[in-house]
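Listed below, chain by chain, are the residues.
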Amino acid sequence: MNLCVPNHMAIIMDGNGRWGKRRGLTRSQGHYAGAQAMEKIIDASIELGIKILTLYAFSSENWSRPKDEVNYLMDLPVKFFKKKLPGFMKRNIKINITGNIAELPEHTKKVLIESVDKTKNNRGIIVNFAFNYGGRDDILQAVQKVIHEVQNKHIDLCNVDEQLLEHYLYTKQLPDPELIIRTGGEKRISNFLLWQCSNSELYFSDIYFPDFNGELLKQVIYDTQRKHSIAE
Ligand code: IPE
Ligand code: IPE
Ligand code: MG
């Protein structure tokens, strides 16, 4: 069967901490395992022909976690990109970051900006990391920028419509995701892509993210597609 894959798929990568705990490991070891799973999912997405993959890696609410865990999550992109970037270049992967990167610690910000810059001419899959991302923050900062433009008379208030506001969102150059998957068993959106999810299909999986893999991803896409063809 030919799978009709989404153009833009987003994943709320949840369940790392519980995965670690269940194995008698630390939550941070769960995050490390989650980062390994991420690479498998990127490869499976390339194989499936997905054009844009958004991965929710750190939410604006995640700052309230214990300091050690936050520090680990801020260091993880440094380890991750240092190791994976040469492979990403070979696979023609373009890295994009969605979120408030200005507020990140210097070392985290630096590696994210460098990864975007080094891969900017790649024309394969776009892997969009939602890092320090919050849907409400996204909408709020877009509204603030629009107000600023209106006050400076660069935009006329009567021209402010959905299309214009979208241009100021963190995801401005990306289409909305057709499919959002959340692993880890919780049925919540957790402040992810609130504006952009208005027509997205939502799929909730009980699998902890470190156990998520290409086969399971294919199954999700097959299931969502089958549901559509039954409904038609
Ligand atoms: C998701 O896994 C990853 C991040 C939020 C960074 P969690 O850390 O939320 O794992 P659980 O949900 O506690 O198992
Ligand atoms: C959502 O997971 C955020 C990420 C996967 C980065 P959380 O574990 O932080 O969400 P809640 O706390 O269950 O809503
Ligand atoms: Mg969680």
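Scroll up to find the structure this text is about.
Just so it is clear, the model here is predicted, and its values are computed rather than measured.

Caption draft 1: A look at unusual backbone geometry. Residue lysine 153 is not a glycine yet carries a positive backbone phi of 60°. Of note, lysine 153 is situated in the loop between helix H5 (135-151) and helix H6 (162-166). Even without a glycine there, the phi angle at serine 190 is positive, about 50°. Turning to its location among the elements, serine 190 is positioned in the loop between strand E5 (179-182) and strand E6 (201-204).

Caption draft 2: Molecular detail of the pairing of strand E4 (residues 126-133). Counting buried residues along E4, 8 of its 8 residues qualify, which places the element largely inside the surrounding structure. In terms of strand pairing, strand E2 (residues 52-59) meets E4 through 7 bridges, oriented parallel. Across the sheet, the residue bridging to isoleucine 52 is isoleucine 126, located in E4. Judged from the 5 bridges that link them, strand E3 (residues 94-98) and E4 form a sheet pairing that is parallel. From the neighbouring strand, lysine 94 faces E4, where its bridge partner is isoleucine 126. Crossover connection from E3 via helix H4 (residues 106-118) to parallel E4: handedness left-handed.

Caption draft 3: Looking closely at the site of ligand 2. Close to ligand 2 lie Ile12, Met13, Asp14, Tyr56, Ala57, Phe58, Ser59, Asn62, Arg65, Arg182, Arg188 and Ser190. A distance of 3.1 Å separates an oxygen atom of ligand 2 from a polar side-chain atom of aspartate 14. Contacts to ligand 2 include arginine 182, whose side-chain N or O atom sits 3.2 Å from an oxygen atom. Relative to its free-state accessible area of 390 Å², ligand 2 is covered by the protein chains to the extent of 78%. The cavity where ligand 2 resides is the largest pocket. Top contributing element to the shell around ligand 2 by residue count: E2, with 4 residues. Split by residue class, the shell around ligand 2 holds 5 nonpolar, 3 polar and 4 charged.

Caption draft 4: Here's a closer look at the environment of arginine 27. Relative to the helices and strands, arginine 27 is located in helix H2 (residues 27-48). Its relative accessible area of 33% is what places arginine 27 among the partly exposed residues. Along the primary structure arginine 27 and aspartate 75 are separated by 48 residues, whereas in three dimensions their C-alpha atoms are 14 Å apart. Other than its neighbours up to four places away in sequence, arginine 27 contacts Asn16, Gly17, Arg18, Arg65 and Glu69. In this structure the side chain of arginine 27 is engaged in a polar contact, spanning 3.0 Å, whose partner is the side chain of glutamate 69.

Rules and cut-offs
Residues numbered from 1 in each chain as written. Chains lettered and ligands numbered in written order. Predicted model: local features only at pLDDT ≥ 70, side-chain atom pairs only at ≥ 80, totals over all residues. Heavy atoms only, no water. Helix = DSSP H or I, 4+ residues; strand = E, 2+ residues; numbered from the N terminus. Buried < 20%, exposed > 50% of the residue type's maximum accessible area, 1.4 Å probe, protein only. Pairing = 2+ DSSP bridges. Right-handed = clockwise from strand over helix to strand, strands pointing away. Near = heavy atom within 4 Å. Polar contact = N/O pair within 3.5 Å; in protein donor to acceptor, adjacent residues only side chain to side chain. Areas by Shrake-Rupley, 256 points an atom, 1.4 Å probe, with all protein chains shown as cover. 1 Å grid on protein atoms, 1.4 Å probe; cavity = no way out; pocket = protein on both sides within 12 Å on 5 of 7 lines; lining within 4 Å. Sits in = over half its atoms within 2 Å of the grid points. Nonpolar A, V, L, I, M, F, W, Y, C, P; charged D, E, K, R; others polar. Contact = heavy atoms within 4.5 Å.

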